[in-house]
Amino acid sequence: MALRDQRGTQISSTMTYHETMDNQIKADENILNPAAWVDEYGDYLYRYAISRLRNSEASEEVVQETFLAALKHVQQYQAKGTERAWLLGILKRKIIDFIRDRSRTKSLSEEDLKDLPDTFFDQKGNWQKEARSTSFAPLCSLERKDFWRILQGCLDKLPTRQADVFVLREMDDQSTEVICDELEISASNLWVLLHRARLQLAQCMKNCWQQN
Amino acid sequence: MRTCKEVSKLVSESLDHELSLWQRLGLWIHLSMCKFCRRYRKDLLHIHHEIQQRALAIEEDIINSEEKLSDNSRERIKSLLESQQ
Ligand SMILES: [Zn+2]
């Protein structure tokens, strides 16, 4: 009977080689227990994904993609770090891919580039009274989980692309070059998107904080 | 003199790239005279700083989170993985 290892290559029947491969296969089997992966890391990866994508369907999709990719490239897992860190690395890549795809399906819309609503500035370009920052909001006094909850809630109110670039830039600390490259937008468009995201977020977060 | 609208954009851009000398000059002159734009800048820096700080503890936040992969997708992913093996 021809034995095949995970790569599908036929294993030689000579004993010494077989023994070597046997150990290799045993090692692989330890890693190759997908059901255990899903139980052990599924929630962890899902939570990370939802903190970036803010959508449960999208998050389930990237988690699924992550496990599939992991299975495909299991030979590249060298046990250098933990399994979880390895999976998280794949997930981060899948999240960027997902954001890129969702950004591709929509060209830069009016929503993203049209003039700011006059809720922020008057005709002369001065701050509208309601938009003025009245005092320094001590967001730092918030519990961490309240801070994230407010931030997520406010990101949710932004047009998707603006929220996405904000997440990549501020939460993932990606360089503007990488973001422009991935999303295929010019630097000046990116600056406009980030500016809008920040303007609306700052106001939304302060409103939420005051109601907190 | 630049307007608050223009300056709010420069404040944001200063977080993403180096401003030209001309832009910096316009920004600082305006900020020295406009408390609303000063506060806005402070807000943005503050949000930026908080995210950086709190992101360091992301592990803990993820572990304590109550979000869960739904049973449906858990089972779907498992059987997908099994069929790929
Ligand atoms: Zn001003």
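Since this is a predicted model, take the numbers as computed values, not measurements.

Enquirer: Got a minute to help me understand the interface of chain A and chain B in this structure?
Expert: Accessible area lost upon the coming together of the parts is a frequently used measure of interface size. Tallying the contact residues gives 55 residues for chain A and 48 residues for chain B. For the pairing of chain A and chain B, the buried interface totals around 5100 Å² over both sides, and the portion due to carbon and sulfur atoms is 61%. For the chain A face of the interface with chain B, the top three residues by lost area are Arg47, Trp127 and Arg144 of chain A, together amounting to 14%. Connecting chain A to chain B are 7 salt bridges. For Lys78 of chain B, the salt bridge identified is with Asp39 of chain A, shortest N-O distance 3.0 Å. The interface formed by chain A and chain B contains 19 residue pairs in polar contact (both at pLDDT 80 or more). Elements represented by at least two residues in the side of chain A that touches chain B include exactly helix H2 (34-53), helix H3 (56-72), helix H6 (144-157), helix H7 (160-171) and helix H9 (187-211) of chain A.

Enquirer: I'm lost on the packing of helix H1 (residues 4-13) of chain B against helix H2 (residues 21-33) of chain B in this one. Help?
Expert: Each pair of packed helices gets described by two things: the angle between the helix axes and the distance between those axes. Residues and elements named next belong to chain B. For the pair H1 and H2, interaxial distance at closest approach is 10 Å and the crossing angle is 120°. One finds that H1 runs oblique with respect to H2. Considering how the two elements wind past one another, H1 and H2 form a crossing that is left-handed. Residues Cys4, Val7, Leu10, Val11 and Glu13 of H1 form the contact with H2, whose own contacting residues are Gln23, Leu27, His30 and Leu31. Its residues placed into classes, the contact of H1 with H2 shows 6 nonpolar, 2 polar and 1 charged.

Enquirer: Help me out: how do you make sense of the coordination of the zinc ion in this one?
Expert: Geometrically, a metal with four donors at the corners of a regular tetrahedron has ideal angles of 109.5 degrees, and one with six donors at the corners of a regular octahedron has ideal angles of 90 or 180 degrees. Residue and element names in this part refer to chain B. Only Cys4 (SG), His30 (NE2), Cys34 (SG) and Cys37 (SG) from the protein reach the zinc ion as donors, at distances of 2.1 to 2.3 Å. Donor residues for the zinc ion sit on one chain with the sequence pattern C-x25-H-x3-C-x2-C. On the basis of relative accessibility, which here comes to 2%, the residue His30 falls in the buried class. Cys37 sits in the buried class, given a relative accessible area of 1%.

Enquirer: In this structure, what is going on with helix H8 (residues 176-183) of chain A? I would like to understand it.
Expert: Residues spaced three or four apart along an α-helix point in a common direction, a consequence of the helix completing one turn every 3.6 residues. Every buried residue belonging to H8 of chain A is among Thr176, Ile179, Cys180, Glu182 and Leu183 of chain A, and all of these are buried. Just downstream of H8 of chain A lies Glu184 of chain A, where phi reads positive at about 55°.

What counts as what
- Residues numbered from 1 in each chain as written.
- Chains lettered and ligands numbered in written order.
- Predicted model: local features only at pLDDT ≥ 70, side-chain atom pairs only at ≥ 80, totals over all residues.
- Heavy atoms only, no water.
- Contact = heavy atoms within 4.5 Å.
- Buried area = accessible area lost by both parts, 1.4 Å probe.
- Salt bridge = Lys/Arg side-chain N within 4 Å of Asp/Glu carboxyl O.
- Polar contact = N/O pair within 3.5 Å; in protein donor to acceptor, adjacent residues only side chain to side chain.
- Helix = DSSP H or I, 4+ residues; strand = E, 2+ residues; numbered from the N terminus.
- Axes fitted to C-alpha atoms, helices over the stretch in contact; angles between N-to-C directions.
- Parallel < 35°, antiparallel > 145°, perpendicular 65-115°, else oblique.
- Left-handed = near helix turned anticlockwise from the far one by under 90°.
- Nonpolar A, V, L, I, M, F, W, Y, C, P; charged D, E, K, R; others polar.
- Donors = N, O, S within 2.8 Å, 3.2 Å for Na, K, Ca; no water.
- Buried < 20%, exposed > 50% of the residue type's maximum accessible area, 1.4 Å probe, protein only.

Read these as spatial facts, not as claims about activity.
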